[in-house]
Amino acid sequence: MTNSISKKDKKDWETFLSSNEKLPNKDLKLKKHSSIKTRSIDLHGHTLDDANKVINDFIENCYEEKVNKIIVVTGKGLHSENEKNPYVSKDLSILKYSIPEYISNNKNLMNIINEIKDAKIEDGGSGAFYIFLKKNLKKP
């Protein structure tokens, strides 16, 4: 490891200092997220068609209520009736896989969604996922 700073690094630093560009203030970003409005829905026991209708309505209602984060619990598919049918895919017909795919393919829903992520273990782990909604700017 060397103690000297390269000419390129010095030049980049001087360019940054002389420009109007500023680094984002992480403290302000953290403050914004301190008031996250969260809702959750459990889809255990729903058929695929029913679950798609329920999740569609739930996401739209959450957006209208200015919810930031949705926790969707689908389960892991361990007790699914599909396991007994050898002609049905054991992966693709389980809500765990089908619901995120349905959401991703729905343009209306994706217009109000920022991100879909796997849930942390305390929120359901591999049997759940998060949906982060865009900010609803409509006035009530």
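As the structure is a computational prediction, the values presented were derived from the model and not from experiment.

**A closer look at unusual backbone geometry**
We note that Lys66 has phi near 60°; this positive angle belongs to a residue other than glycine. Considering the arrangement of structural elements, one finds Lys66 in the loop between helix H3 (48-64) and strand S2 (69-73). On the accessibility criterion, Lys66 (37% relative accessible area) is partly exposed.

**Let's talk about the pairing of S2**
For S2, a buried count of four out of five residues is recorded, marking the element as mostly surrounded by other parts of the structure. Two elements, strand S1 (residues 38-42) and S2, share five bridges in a ladder whose sense is parallel. Bridge pairing in S2 links Ser40 to Ile71. Where S2 and strand S4 (residues 128-133) come together, five bridges link them in antiparallel fashion. Bridge pairing in S4 links Val72 to Phe129.

**Let's talk about the confidence of the model for the protein**
The predicted coordinates ought not to be read in detail in places where the model reports low pLDDT. For the protein, the average pLDDT comes to 81, and 78% of its residues sit at 70 or higher. In this model residues 87-93 is a low-confidence stretch, pLDDT under 50, and it forms nine contacts with partners more than four residues away in sequence or in other chains.

Rules used throughout
- Residues numbered from 1 in each chain as written.
- Predicted model: local features only at pLDDT ≥ 70, side-chain atom pairs only at ≥ 80, totals over all residues.
- Heavy atoms only, no water.
- Helix = DSSP H or I, 4+ residues; strand = E, 2+ residues; numbered from the N terminus.
- Buried < 20%, exposed > 50% of the residue type's maximum accessible area, 1.4 Å probe, protein only.
- Pairing = 2+ DSSP bridges.
- pLDDT = per-residue confidence, 0-100.
- Contact = heavy atoms within 4.5 Å.

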